[in-house]
Amino acid sequence: MCDILSTLKYWLVNHPTIRNFSWTPGKTFASSPHFLCFTVLCYLFSTFILSQAISPPSIPQKLIKPILVIHNISLLLLSFTMALGCLLSTFSHAPHLHWIFCFPPHTQPTGPLFFWAYIFYLSKIHEFIDTLLIILTNSIQRLTFLHVYHHSTVVVMCYIWLQTSQTLFPAVLFTNASVHVLMYTYYLSCALGVRPRWKKIVTNVQIMQFYSSFVVLAVMLYYHFTGSGCSGVWGWAFNVVFYASLLFLFVDFHKKNYGNAASSKKNLGVNNFKPSKPFSFSN
């Protein structure tokens, strides 16, 4: 067991690439604000054009299943790796419990934790493929405002994490990546033709994320105003607005999908190869 843990810590925490990581705006790949703006705008523009096309392109039926299986396996494994890497990095480098909730002022975005924040940021760009697959599998009815809003805005949130060395992001990253393991397990099962009955659990867990984020935010603010301050605390202004808007939209999504038995059965219909994506903060 100790050998396994040591191996994991080396590859997920102490590997030179991870240990020596540094977020340098303008030098690290995808770190410039121009890249961020260009990427988000391209996503929005492409989504609008493809969704409005009279005859949108589609994937041949025989290729849909293997593509969805590969896509969901890749995101499931990536989410698991990010959650584990973030957890091990936190326990390896946190000098005390207080540090988990409040980085000291002027913390530099270097080291294992920020490496996993960077991978998480890139993974949210990778998740744009979710939207493309919705369009290419002729499931436009699942392309909601909530879906597009979440996918485009969460990338900005992750960029702010890195740009401001934002306090508390490890807790958010670990929670979100862990829930995504559950979520993509569900999607993988659907892609393989096995539709589990716990879709509602995924949705409920995601809603719990939003409420828990405000609890840990209160703890962070306590440390910030009773101590010497926390790094990147003002970046949380964006997060709070984002989380509040998602919570409002997600609760509405929950009511529409689980308000009665009929709507629940409708969402488990044959025409929905995958359910509308539960929209986590992050994701």
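Residues numbered from 1 in each chain as written. Predicted model: local features only at pLDDT ≥ 70, side-chain atom pairs only at ≥ 80, totals over all residues. Heavy atoms only, no water.

## Looking at the overall build of the protein
Piece 1. Secondary structure summary: the protein contains 12 helices and zero strands in total.
Piece 2. Listing the helices and strands of the protein from first to last along the sequence gives α-α-α-α-α-α-α-α-α-α-α-α.
Piece 3. Here the protein holds 283 residues, and 51% of them are scored as buried.
Piece 4. Within the structure as shown, the protein displays about 13,800 Å² of accessible surface, and the carbon and sulfur contribution to it stands at 71%. (Helix = DSSP H or I, 4+ residues; strand = E, 2+ residues; numbered from the N terminus. Buried < 20%, exposed > 50% of the residue type's maximum accessible area, 1.4 Å probe, protein only. Areas by Shrake-Rupley, 256 points an atom, 1.4 Å probe, with all protein chains shown as cover.)

## Looking at the UniProt feature "transmembrane region" (unreviewed entry) in the protein
Piece 1. The sites that UniProt annotates as "transmembrane region" (unreviewed entry) are residues 33-55, 67-93, 113-136, 143-162, 168-189, 201-225 and 231-251.
Piece 2. Between the C-alpha atoms that bound residues 168-189 there is a distance of 33 Å. The span itself is 95% helix and 0% strand.
Piece 3. Annotated as 100% helix and 0% strand, the span residues 201-225 places its first and last C-alpha atoms 36 Å apart. (UniProt positions renumbered as here; feature names shortened; annotations may be inferred.)

## Focus: the side chain of Ser79
Piece 1. Its location among the elements puts Ser79 in helix H4 (residues 61-93).
Piece 2. Using a relative accessible area of 3% as the deciding quantity, one classes Ser79 as buried.
Piece 3. Those residues in contact with Ser79 that sit more than four places away from it in its chain are Ala177, His180, Val181 and Tyr184. (Contact = heavy atoms within 4.5 Å.)

## A closer look at the state of the cysteines
Piece 1. Taken as a whole and assessed by the stated rule, the structure comprises one disulfide.
Piece 2. Put simply, Cys102 and Cys230 are joined by a disulfide, and their sulfur atoms are 1.9 Å apart. Because the sign of the S-S torsion sets the handedness, a value of about -110° for the bond joining Cys102 and Cys230 places this disulfide among the left-handed ones. A residue pair is termed long-range when its members are at least 10 positions apart, and Cys102 in the loop between helix H5 (97-101) and helix H6 (112-126) and Cys230 in the loop between helix H10 (199-226) and helix H11 (236-258) qualify at 128 residues. One exposure class covers both Cys102 and Cys230, and it is buried. (Disulfide = S-S within 2.5 Å.)

## Brief notes about the nonpolar core
Piece 1. Within the largest apolar cluster, 58 residues are counted, with the highest numbers of intra-cluster contacts made by Trp116, Tyr121, Trp161, Phe169 and Leu173.
Piece 2. Ranked by residues supplied to this core, first place goes to H6 with 10 residues.
Piece 3. Discounting residues that sit within four places of it in the chain, Tyr121 has contacts with Trp23, Ala30, Phe35, Leu36, Val155, Cys158, Tyr159 and Leu162.
Piece 4. Counting residues in each nonpolar core, the second largest holds 17 residues, with Leu75, Val181, Met183 and Tyr186 among its members. (Core = buried A, V, L, I, M, F, W, Y, C linked by side-chain atoms within 4.5 Å.)

## Here we look at the packing of H4 against helix H9 (residues 169-191)
Piece 1. Between H4 and H9, the least distance of the axes is 8 Å, while the angle of their chain directions is 155°. Classified by the angle between their axes, H4 and H9 sit roughly antiparallel to one another. At the point where H4 passes H9, the crossing takes the left-handed sense.
Piece 2. Tallied by class, the residues present in the contact of H4 with H9 amount to 19 nonpolar, six polar and one charged. (Axes fitted to C-alpha atoms, helices over the stretch in contact; angles between N-to-C directions. Parallel < 35°, antiparallel > 145°, perpendicular 65-115°, else oblique. Left-handed = near helix turned anticlockwise from the far one by under 90°. Nonpolar A, V, L, I, M, F, W, Y, C, P; charged D, E, K, R; others polar.)

## Description of the packing of helix H1 (residues 2-14) against H4
Piece 1. Where H1 contacts H4, the two axes come as close as 9 Å, and the packing angle between them is 100°. Between H1 and H4, the angle falls in the class roughly perpendicular. Of the residues in H4, those touching H1 at Leu5, Leu8, Lys9, Leu12 and Val13 are Thr81, Leu84, Gly85, Leu88, Ser89, Ser92 and His93.
Piece 2. When grouped by side-chain class, the residues that make up the contact of H1 with H4 number six nonpolar, five polar and one charged.

## Quick notes on the side chain of Asn72
Piece 1. Along the chain, Asn72 turns up in helix H4.
Piece 2. On the accessibility criterion, Asn72 (0% relative accessible area) is buried.
Piece 3. Polar side-chain contacts of Asn72 include one of 2.8 Å to the backbone oxygen of Leu68. (Polar contact = N/O pair within 3.5 Å; in protein donor to acceptor, adjacent residues only side chain to side chain.)

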